[in-house]
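Next come the chains, spelled out residue by residue.
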Amino acid sequence: MLKTHWHYPTAITVGEHCSDQLAQYCKDADIHKPLMVTDPVLADSKMVRNALAQCRLADLEIQIFHGVQGNPTGQNVEAGIHHYLEGKHDGIIAFGGGSSIDAAKAIALAANQSLPLWEFEDKGDNWQKADAKVIAPVIAIPTTAGTGSEVGRAAVITDENQQLKKIIFHPKMMPAHVLLDPSLSTALPQPLTAATGMDALSHNLEAFCSPSYHPMADAISLEAMRMIMHYLPVAYLDGNNVQARTQMLVASTMGATAFQKGLGAMHAIAHSLGAVYNQHHGLLNAVLMPYVLTANRPRINEKMARLSRYLALPKSDFDGVMAWVLSLREELAIPHTLVEIGIDNQQAQRIGEMAAADAAAAGNPVSFDAAQYADIFCHAVSGNLTD
Ligand SMILES: [Zn+2]
């Protein structure tokens, strides 16, 4: 079985059952009283019970905080900080999907700061207001293959007072060690496998389309899209396929590594819809994907031709990529329109304004204004792919 170690962008261990060594990795990172941060469903699972038992057997004073919801909120982070300080913890184990890992990283950043969490929103050089020395070390164990939050230096947290998703950033939020253990994602149900896998695709696709100069990110995103093309349908149809689960975990970390280059309009709209409608982030990106590609078309024709050649698609142009995206979505039972997941166009103007102001919009190949974002959103509501 594949087992390898990488140190880019951080220490990553890949392999079936590698999380069985969690206690040792904690000690290596000088963590002796870890707080495990996860969600209420996982908290009750065998894999969390095993991880807790393993750590206690190794004399780690571990406790668990399981108050993280999907699209985690400032209140979730506050509650986690309370547990962290109360238990006098010295590090965090981020265990779960992107929501748990984002919340864990935000807790690690803010627990010992004198300023509140929102002061570290990713604007200007806000991050320099944080005392880097007191940021807690994090070991990240993703159980889904999508957000890639385990290799990210930011967390997306909803400010419930303003109904806004805010990006909290600090370079030291990067986990000290990432464990990619496919045996933890084999139980993921089909709809979540599909939605998270499409999120990983959207990260790689938006990073690749983003116009800034970053050949390393381009190369990483191209190969990750090839892996997703081959292995996402396999992981979806046969959840217990360890090879497919491994490849998807790696492609997901590659996506988040690549999107240091930039994201784009899929994420700008998905963040806005996530904050207003609390829908699954990956599912939103999956539905939005072809509409954003269509809107970006004049600026990405050449890149789509390159991508189609790399993927060896039947047609080597924009239409070839579009045909692949549409058929992949169908294979994964992703709805074609937002209306099918309960989102109508009543708030189009507001969504347009939020998307134009979202940090991800800066990476899009075309700089759309609020009205253009509202248009793309309306097309995704109704299923209009013609212009
Ligand atoms: Zn995403």
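Under an unreviewed UniProt entry, the name given to the chain is Alcohol dehydrogenase, and the organism recorded is Photobacterium proteolyticum. Annotation of the chain in UniProt includes, under Cofactor (unreviewed entry), the sentence "Fe cation".

S.K.: Would you mind going over the side chain of D218 in detail, with residue names and values included?
M.R.: Within the secondary structure, D218 sits in helix 7 (residues 215-237). On the basis of relative accessible area, D218 is assigned to the buried category, the value being 15%. In contact with D218, not counting residues within four places along its chain, are A207, F208 and K261.

S.K.: If you had to explain the side chain of T73 to someone new, which residues and values would you point to?
M.R.: Position of T73 relative to the elements: it lies in the loop between strand 4 (63-65) and helix 4 (74-86). Residue T73 is classed as buried on the basis of its relative accessible area of 9%. Sequence-distant contacts of T73, defined by excluding residues within four places in its chain, comprise I157, T158 and E160.

S.K.: Now, about the UniProt feature "domain: Fe-containing alcohol dehydrogenase-like C-terminal" (unreviewed entry) in the chain: what can you tell me, with residues and values included?
M.R.: Under the local residue numbering, the UniProt record ascribes the feature "domain: Fe-containing alcohol dehydrogenase-like C-terminal" (unreviewed entry) to residues 193-379. The distance from the first to the last C-alpha atom of residues 193-379 is 26 Å, and the span holds 72% helix and 0% strand.

S.K.: Explain the nonpolar core residue by residue, including any values.
M.R.: Formed by 82 residues in total, the largest nonpolar core has its most connected members in L293, M304 and L338. With twelve residues, helix 10 (residues 281-310) is the largest single contributor of residues to this core. No fewer than three residues from each of domain 1 (4-184) and domain 2 (190-382) sit in this core. Once residues within four sequence positions are removed from consideration, L338 is found in contact with L273, L284, V287, L288, I343, F377, A380 and V381. One finds A94, A106, A110 and I168 within the second-largest nonpolar core, a separate group that totals 29 residues.

S.K.: Pulling in residues and values, what's your account of the coordination of the zinc ion?
M.R.: The zinc ion binds to the protein through D199 (OD), H203 (NE2), H267 (NE2) and H281 (NE2); the donor distances cover 2.1 to 2.2 Å. Here the zinc ion is ringed by four donor atoms whose angles at the metal span 90 to 168°, and the overall shape comes out irregular. For the zinc ion, the single-chain donor residues occur in sequence as D-x3-H-x63-H-x13-H. Here the residue H267 occupies a position in helix 9 (residues 265-277), and H281 occupies one in helix 10, the gap between them amounting to 14 residues. Pair check on accessibility: H267 and H281 agree, each one buried.

S.K.: Can you tell me about the pairing of strand 9 (residues 177-180), naming the residues and giving the values?
M.R.: A regular strand carries its side chains on alternate faces of the sheet. With burial as the criterion, each face of strand 9 is covered, one bearing H177 and L179 and the other bearing V178 and L180. In this structure, strand 6 (residues 138-142) lies alongside strand 9, joined through two bridges in parallel fashion. Of the residues in strand 9, the one forming a bridge with A140 is V178.

S.K.: Can you break down the pattern of salt bridges residue by residue, with the values?
M.R.: Evaluation of the coordinates by the stated rule reveals ten salt bridges. With a shortest N-O distance of 3.7 Å, K123 and E121 are connected by a salt bridge. Two residues, K133 and D131, come together in a salt bridge whose shortest N-O distance is 3.6 Å. You can call K133 exposed: its relative accessible area is 73%. Here the residues in one salt-bridge network are R297, K315 and D319, joined through shared partners.

S.K.: Which residues make up helix 7, and what values do they have?
M.R.: Between its first and last C-alpha, helix 7 extends 33 Å over 23 residues, near the 33 Å set by a 1.5 Å rise per residue. The largest bend along helix 7 reaches roughly 35° and is located at Y231, with the proline P233 sitting one to four residues downstream.

S.K.: Tell me what's going on with the packing of aromatic side chains, and back it up with residues and numbers.
M.R.: In this structure the tally under the stated criterion is two aromatic pairs. Plain terms: the ring middles of W127 and F169 are 6.4 Å apart, the flat faces sit at 90° to each other, and that makes the pair edge-to-face. Of this pair, W127 sits in the loop between helix 5 (98-110) and strand 6 while F169 sits in strand 8 (residues 164-169), and the two are 42 residues apart along the sequence. Plain terms: the ring middles of F368 and Y373 are 5.5 Å apart, the flat faces sit at 85° to each other, and that makes the pair edge-to-face.

About the criteria used
- Residues numbered from 1 in each chain as written.
- Predicted model: local features only at pLDDT ≥ 70, side-chain atom pairs only at ≥ 80, totals over all residues.
- Heavy atoms only, no water.
- UniProt positions renumbered as here; feature names shortened; annotations may be inferred.
- Helix = DSSP H or I, 4+ residues; strand = E, 2+ residues; numbered from the N terminus.
- Buried < 20%, exposed > 50% of the residue type's maximum accessible area, 1.4 Å probe, protein only.
- Contact = heavy atoms within 4.5 Å.
- Core = buried A, V, L, I, M, F, W, Y, C linked by side-chain atoms within 4.5 Å.
- Domains from an automatic or database assignment.
- Donors = N, O, S within 2.8 Å, 3.2 Å for Na, K, Ca; no water.
- Tetrahedral: all angles 85-135°; square planar, octahedral: opposite > 155°, others 65-115°.
- Pairing = 2+ DSSP bridges.
- Salt bridge = Lys/Arg side-chain N within 4 Å of Asp/Glu carboxyl O.
- Expected span 1.5 Å × (residues − 1).
- Bend = angle between axes of the 7 residues up to and from the residue.
- Phe/Tyr/Trp six-rings, centres within 6.5 Å; stacked < 30°, edge-to-face > 60°.

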